Amino acid sequence: MIKTILIVLALAIVCILIYAATKPDTFRVQRSITIKATPETIFPLISDLHNMQTWSAWEKVDPGMKRTYSGAASGPGAVYEWEGNQEIGQGRMEILDATPPAKITIRMDFIKPFPARNTLEFVLQAEGDSTHVTQAIFGPSPYISKVMSLAFSMDKMIGGKFAESLAELKTIAEKSSAISIPEEKP
């Protein structure tokens, strides 16, 4: 009886591992929001990595996180490194490309808890008096990630934080935009 149970269990594990191998070799998670502000108002909030502390939901996960900035003050060459608790881990971001006021491309190197290299991208598209902002992360999906995806949804985990971050970015950008636009007198 025990032998039969072990054989069935082993077959189930093999089937799960084979199924994981059929998952895509890359991943992409993205969220978007419309902000009532110009791309010129929003762009510096993203291209200066110091500003991420004010709107990124990841910054709130570990308030005691150690942060280091180097390279350019903003735009290409700006570097932000972090080291935090188990949940936030350790990593490095570097802005590779910034095309004002439309697109910012960042290389993200995760060191702990799992090493990974991904791309983080922000695209800003003007829509009348508003801007459609899309935040996306994408990269390779190694086999261990494929196995983990059977139990954890990366889209839900990361996408939820993206949505929180974009909502906070919206609040800050719209306040900033309201301050910089003089009111018309009747």
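What comes next concerns the included structure. Values in this document were obtained by computation on a predicted structure and should not be read as measured data.

1. Here we look at the nonpolar core
Working step 1: With 34 residues, the main nonpolar core has Ile 42, Met 93, Ile 106, Phe 122 and Leu 169 as its most contacted residues.
Working step 2: Beyond its immediate sequence surroundings of up to four residues, Phe 122 is in contact with Ile 46, Met 52, Trp 55, Ala 102, Lys 103, Ile 104, Ile 106, Thr 134 and Gln 135.

2. Considering the packing of aromatic side chains
Working step 1: Inspection of the entire model under this criterion finds 4 aromatic pairs.
Working step 2: Relative to Tyr 80, the ring of Tyr 69 lies with its centre 5.2 Å away and its plane at 25 degrees, an arrangement referred to as stacked. With Tyr 69 in strand S2 (residues 66-71) and Tyr 80 in strand S3 (residues 78-83), this residue pair connects regions lying 11 residues apart in the sequence.
Working step 3: For Tyr 80, a relative accessible area of 3% puts it in the buried group.
Working step 4: For the pair Trp 82 and Phe 110, a centre-to-centre distance of 6.0 Å together with 75 degrees between the ring planes defines the contact as edge-to-face. One end of the pair, Trp 82, is in strand S3; the other, Phe 110, is in strand S5 (residues 103-112), with 28 residues separating them in the sequence.
Working step 5: Among the aromatic side chains, those forming a connected cluster through ring pairs are Tyr 69, Tyr 80, Trp 82 and Phe 110.
Working step 6: Cation over ring: Lys 161 sits above Trp 58, and NZ or CZ is 6.0 Å from the ring centre.

3. Notes on the sheet that holds strand S6 (residues 116-127)
Working step 1: The antiparallel open sheet is built from 7 strands, whose spatial order is S1-S7-S6-S5-S4-S3-S2. Strand pairing shows two members of the sheet lacking a second neighbour, strand S1 (26-35) and S2, which therefore form its edges. Ignoring which end each strand starts from, the neighbouring axes of this sheet average 20 degrees apart.
Working step 2: Judged from the 8 bridges that link them, S5 and S6 form a sheet pairing that is antiparallel. Looking at the pairing, Phe 110 lines up with Ala 116 of S6.
Working step 3: This element, helix H2 (residues 39-47), spans S1, strand S4 (90-99), S5, S6 and strand S7 (130-140) of the sheet and lies at about 165 degrees to S6.

4. Concerning unusual backbone geometry
Working step 1: Following Pro 100, the chain continues to Pro 101 via a peptide bond in cis, the omega torsion being -15 degrees.
Working step 2: Its place among the elements puts Pro 101 in the loop between S4 and S5.
Working step 3: Cis geometry marks the peptide bond from Lys 112 to Pro 113, where omega comes out at 5 degrees.
Working step 4: By the secondary structure assignment, Pro 113 is in the loop between S5 and S6.

5. Remarks on a nonpolar patch on the surface
Working step 1: Side chains of Ile 2, Leu 6, Leu 9, Ile 13, Leu 17 and Tyr 143 sit close together on the surface and give an oily, nonpolar patch of about 590 Å² of accessible area.
Working step 2: Ranked by the residues each element gives to the nonpolar patch, the list is headed by helix H1 (residues 2-21), at 5 residues.
Working step 3: Position of Ile 13 among the secondary structure elements: in helix H1.
Working step 4: Note on Ile 13: relative accessible area 44%, which makes it partly exposed.

Here is what the cut-offs are and how they apply
- Residues numbered from 1 in each chain as written.
- Predicted model: local features only at pLDDT ≥ 70, side-chain atom pairs only at ≥ 80, totals over all residues.
- Heavy atoms only, no water.
- Core = buried A, V, L, I, M, F, W, Y, C linked by side-chain atoms within 4.5 Å.
- Buried < 20%, exposed > 50% of the residue type's maximum accessible area, 1.4 Å probe, protein only.
- Contact = heavy atoms within 4.5 Å.
- Phe/Tyr/Trp six-rings, centres within 6.5 Å; stacked < 30°, edge-to-face > 60°.
- Helix = DSSP H or I, 4+ residues; strand = E, 2+ residues; numbered from the N terminus.
- Lys NZ or Arg CZ within 6 Å of the ring centre and 35° of its normal.
- Pairing = 2+ DSSP bridges.
- Axes fitted to C-alpha atoms, helices over the stretch in contact; angles between N-to-C directions.
- Patch = residues over 30% accessible without salt bridge, like charges linked within 9 Å, V, L, I, M, F, W, Y side chains within 5 Å.
- Areas by Shrake-Rupley, 256 points an atom, 1.4 Å probe, with all protein chains shown as cover.
- Salt bridge = Lys/Arg side-chain N within 4 Å of Asp/Glu carboxyl O.

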